[in-house]
Every structure is written in C-alpha cells, then in structure tokens.
Amino acid sequence: MESISVFEIIKVGIGPSSSHTMGPWNAAEMFLNLIKKDRKLEEVKEVFVEFFGSLAKTGIGHGTDIAGMLGLSGEDFKTIDTTKIDEKIETIKTSQHLYLDGTHKIPFVYGFHLILNKEKTLDFHPNGMIFRAVFNNGQELVQDYYSLGGGFVGTKEDNTYNDMCIRTLYPCHQGRDILKYVEHLKLERISDLIYLNEESWRSKEETNQQALEIWRNIKECIYKGINKKGILPGGLNVTRRASEMNEKLLGSKIYKNLHEWFKLVCEEEKSFNSITKWVSCFALAVNEENAAFGRIITAPTNGASGVIPAVLMYAQTFTEFNKEDDVIRFILTAGEIGTLFKKNATISAAMGGCQAEVGVSSAMAAAALTEISGGSPGQVLMAAEIAMEHHLGLTCDPIGGLVQIPCIERNSMGAIKAITASYLALEGDPSKARVSLDNVIKSMWETALDMNSKYKETSEGGLAVAVNVPEC
C-alpha cells in the first residue's frame, strides 16, 4: 500500500458534493483527455453521459447533471466564476448545444445526451457513470467511471487515488504506524512526521504555503457565508442562517472587510455559550455556501466541509493556539487522519453513510485540535477515535437529494463533537484506552458494509422518506 498526500484529502472544491459534483466533473475532464489521447475533438459528433445508482437518485439535488455538462465544456471547478454557473447551464439547455472542452460545438439535448438512470446501479460502485463519444465515422469510445468520495474518480482498472499515491519514507497506513515512526524517529509531534512524508511531494516551504492557502480559502468561505442572506437553491426553501447568527452575535459592531470581522470575533466573549454559537455559525456559513454551489474546502468531502473550518476558526479566534504554525500543523494532522479512513474504510457516503463524511471530518478535526493544543501523539489518535466512535452508524439521508437537511446542521454538530473529543483526549491516558483508532476505523468499515443501501445517500430512507418531500 502506498501513501497519499494530506492535500488530496483537504483541497479546494466546489459545492454541493465531492462525490456527486466534483467526482462527475473530474470524470468528464478525464473523458475529454481520453478522447484527445488518440483523436481530435473535431472528430466527435455527439457525447452521451449516463449516471447510475446514488449519482442518479440524488443527482439533481447534488448538481451531478450540472457537473457533467460543465466538465464536458472544459470548465474548471477550481477557477470557474460560481455566480455564472446557472447562466452557463441555461445556455446549454436552451441552445441544445455544448462546446466540448470549450471549443468544439456539438448537439447536446438534456434528457437525451444526459440521463439520470435511477433504476440501475453499476456493480463496481454505487456512484457509477458511463461516458460515450460517437465520432463522425461512426466509431464509438465508451468509458465507465466511479466517484469514490472526496472528488476521487476511478475506473475498474485504475483511479485518481492511485495516481496520487507514492512510496514515502515512513508509510503510515494505520494509526499504529504513526506511533511507531514518531517513537522510532524520536519526534515530539505527529505533524513533524507528516512534514517528513510530505517532502516526497514538495518542499517544507511549499507545504507551508499550500496549508496557508487552504486557510485563506477557509476564511474567505466563512466570510462569504456570514454575509449572505436569502433562500438556498433547490426547492426546499431553506433559509440561510449564518448571516443572522453573525449579526446577533456581533450586535452593533461594524466591519468593512474580512480582516476587521476576524478581529471583532477574536475580541468576542469567550464564554461557553458564546463560543458554541460561533462554532455553529462558522460551520453553517461554510455549508450554506456549499449548498449554493460556492467554492469551499473539501475536507474530506463537501457534505462535511464545515467541520474542519469551524474547528480551525475556533482555534484561531478563541484559543491561544492561533499562530500560523498552528494553522499548518492543524491542517497536516487533519489530512493525515483522513488518509487513514480513506485507505482502510471509506470517505464516501454512498459507500458508508454520513459516518464516512461528517464522522471522518470530526475525527480529523479532533486530532488536529489536540495536536496544536500540545497533546501527545497517543492523545491525538485518541481524540480521533473518540470523535468517530460517536458517529458510528450515522446514515446519509438527504431530504430531496439536497446537501441541506440534515447536512448543514450536522456539520455544526460534528464540529462541537470534535472539540469535545479533543478535550476528553487531552485529559485522558491513551495507555488505558480500550479502543484504538485502528479499531474504530475497522468497525466503521464493517458498519458501512452492513448498512442498508437506502441509508447511503439514495434519498430512499430515513429523513428523506419520513419528510416525504419529492426530489426536486
């Protein structure tokens, strides 16, 4: 087994779903590259894409169809102007044409060239899709893809996860590996070990820059979220709440930019009541942006994108662990814990329910907060274990197929659980723990395998059915 960089687990993304939006978007880009490998785009007569299983059943709410069209159009979700997405999609639908990779015009009729097949699931993975290109000479190119969680995409033969994997000096595939190498190298902190392994991809300076760039995106996302009012798209008429919470918490205080707002939050009362509300506000802000096709940080998925930002912002505004070095070590530690779940279980709700998304992100955040708070390596892993232990069995049953209910509030709960888990671990003795992080990851995977498919992001069970809201 090879290693994966922490920046493949925590990265810039676009809402509302890493599996259902970013994955299909990446798959469309991969298909374009596959065409261009041996043919010219001008030879393409038509392109068809069909989504299956979970991708189809919650496709509209997750923007899977939008991702497919924009990906084929050559748009990049890291750079696209998110305010122009609706306009671009409307142009494709009304004109019934699409510019393949942004250059070659082909006919594209929504509902004919793009289909959401809710009746069939491909055998390899619940998040399956098939792309088919028909060329002017009648020949065809067909490729199946599978969205594996966190934006990773695979075929039956290969996947983007493997492409990012390399052999590091100190491979950490289990929690016990981390403890072994920390002790062997006589390191004081887990993040010191992660620094060494990340040098397999880039220099320490570049690692620092990338971590701080993620922090910049986190702050901007939260700031956008706390300054937007209105109704979220999708038809459930969910009202944005972060803005109102921010206004109530700050009272009459005025700010003109992110820097001034951040300074005001740092000066806020540090009572339990105030901090709890602010943590919830941070998480809501991110996930409301995610629900509205905003640019967010995938950590490790979009549906769970509010937990890491909320806990990191909490550390920066309400604790003494608020230096740049703390930000970097927080992100490195969180990302490393995420890789353990990716390699030994899943970070896809379609495979494991929401325990694989909010549960994993809560474990990542708990470990990271413990790391920068001075916890021992054992306490860091203990914090991750505690956080996941209390998310085991959490289902994914989005109402209307949208990443809104219960997803948005669930991130607030995941953030609070992460903070609680961290403080429990900091007061605990890892040598007396009866359950290890490796144990809980194994248990999570067993739970995922046993979980009924209707609770795995299909909108066929749980709250999605109980509320009886038809998919939009």
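Here the structure is shown first, and the text comes after it.
Quick summary incoming for the structure in this document. (Residues numbered from 1 in each chain as written. Predicted model: local features only at pLDDT ≥ 70, side-chain atom pairs only at ≥ 80, totals over all residues. Heavy atoms only, no water.)

### Re the overall build of the protein chain
Inference 1: Scanning the protein chain for helices and strands turns up 20 helices and nine strands.
Inference 2: Expected size for 472 residues packed as a compact globule is a radius of gyration near 23 Å; at 22 Å, the protein chain falls within 12% of this value.
Inference 3: Oriented by its inertia axes, the alpha-carbon framework of the protein chain measures out at about 70 × 55 × 45 Å.
Inference 4: Counting over 472 residues, the protein chain shows a buried share of 58%.
Inference 5: Here the contacts in the protein chain between residues at least 6 apart in sequence split such that 76% fall between residues at least 24 apart.
Inference 6: Counting every atom, the protein chain has about 19,000 Å² of accessible surface; 50% of that belongs to carbon and sulfur.
Inference 7: A gap of 2 Å separates the mean positions of the 48 positive and 60 negative side-chain charges of the protein chain. (Helix = DSSP H or I, 4+ residues; strand = E, 2+ residues; numbered from the N terminus. Rg over C-alpha atoms; globule rule 2.2 N^0.38 Å. Buried < 20%, exposed > 50% of the residue type's maximum accessible area, 1.4 Å probe, protein only. Contact = heavy atoms within 4.5 Å. Areas by Shrake-Rupley, 256 points an atom, 1.4 Å probe, with all protein chains shown as cover. Lys, Arg positive; Asp, Glu negative; His and termini not counted. Charge placed at Lys NZ, Arg CZ, Asp CG, Glu CD.)

### What to know about unusual backbone geometry
Inference 1: Between Gly15 and Pro16 the backbone carries a cis peptide bond, its omega angle lying at 5 degrees.
Inference 2: Relative to the helices and strands, Pro16 resides in the loop between β1 (11-14) and α1 (18-38).
Inference 3: Its identity as a non-glycine residue notwithstanding, Asp101 has a phi of 55 degrees, on the positive side.
Inference 4: Judged by its relative accessible area of 25%, Asp101 is partly exposed.
Inference 5: A positive phi is found at Lys186, a non-glycine position, where the angle reads about 55 degrees.

### Re the sheet that holds strand β7 (residues 140-149)
Inference 1: Taking strand neighbours across the sheet as the criterion, the five strands line up as β5-β2-β6-β7-β8 in an open arrangement whose pairing is mixed. A strand with exactly one partner marks an edge of an open sheet, and here the two such strands are β5 (114-117) and β8 (152-154). Recorded for the sheet is a direction-independent mean angle of 25 degrees between the axes of neighbouring strands.
Inference 2: Strands in contact with α1 are β2 (44-52), β6 (128-135), β7 and β8; relative to β7, the strand with the most contacts, it is inclined by about 150 degrees. (Pairing = 2+ DSSP bridges. Axes fitted to C-alpha atoms, helices over the stretch in contact; angles between N-to-C directions.)

### Remarks on the side chain of His104
Inference 1: Positionally, His104 belongs in strand β4 (residues 104-107).
Inference 2: When its relative accessible area of 15% is taken as the criterion, His104 is described as buried.
Inference 3: Polar side-chain contacts of His104 include one of 3.2 Å to the backbone oxygen of Leu41. (Polar contact = N/O pair within 3.5 Å; in protein donor to acceptor, adjacent residues only side chain to side chain.)

### Some points on the packing of helix α9 (residues 204-225) against helix α11 (residues 258-266)
Inference 1: Their axes nearest at 11 Å, the elements α9 and α11 cross at an angle of 85 degrees. Considering the angle they form, α9 stands roughly perpendicular to α11. Contacts between α9 and α11 pair Trp215, Lys219, Glu220, Ile222 and Tyr223 from the former with Leu258, Trp261 and Phe262 from the latter.
Inference 2: Within the contact of α9 with α11, the residues separate by chemical class into six nonpolar, no polar and two charged. (Parallel < 35°, antiparallel > 145°, perpendicular 65-115°, else oblique. Nonpolar A, V, L, I, M, F, W, Y, C, P; charged D, E, K, R; others polar.)

### What about the pattern of salt bridges?
Inference 1: Per the stated rule, a full pass over the model turns up 19 salt bridges.
Inference 2: Notably, a salt bridge pairs Lys88 with Glu75, separated by 3.1 Å at the nearest N-O pair. Highlighted residues: Lys88 in helix α5 (residues 85-95) and Glu75 in the loop between α4 (64-72) and α5, separated in sequence by 13 residues.
Inference 3: Its salt-bridge partner being Lys253, residue Glu268 comes within 2.9 Å of it at the nearest N-O pair. Of this pair, Glu268 sits in the loop between α11 and α12 (272-291) while Lys253 sits in the loop between α10 (242-250) and α11, and the two are 15 residues apart along the sequence.
Inference 4: Salt bridges linked by common partners bring Asp192, Asp325 and Arg329 together as one network. (Salt bridge = Lys/Arg side-chain N within 4 Å of Asp/Glu carboxyl O.)

### Focus on helix α17 (residues 377-389)
Inference 1: Here α17 contains 13 residues, and its C-alpha end-to-end distance of 18 Å stays within 8% of the 18 Å for a straight helix at 1.5 Å per residue.
Inference 2: Among the 13 residues in α17, 12 count as buried, and that is most of the element.
Inference 3: By the burial criterion, the buried members of α17 are Pro377, Gly378, Gln379, Val380, Leu381, Met382, Ala383, Ala384, Glu385, Ile386, Ala387 and Met388.
Inference 4: Structurally, α17 contributes buried residues whose contacts are with α7 (175-184), α8 (190-198), α14 (324-344), α16 (358-372), α18 (407-426) and α19 (437-450). (Expected span 1.5 Å × (residues − 1).)

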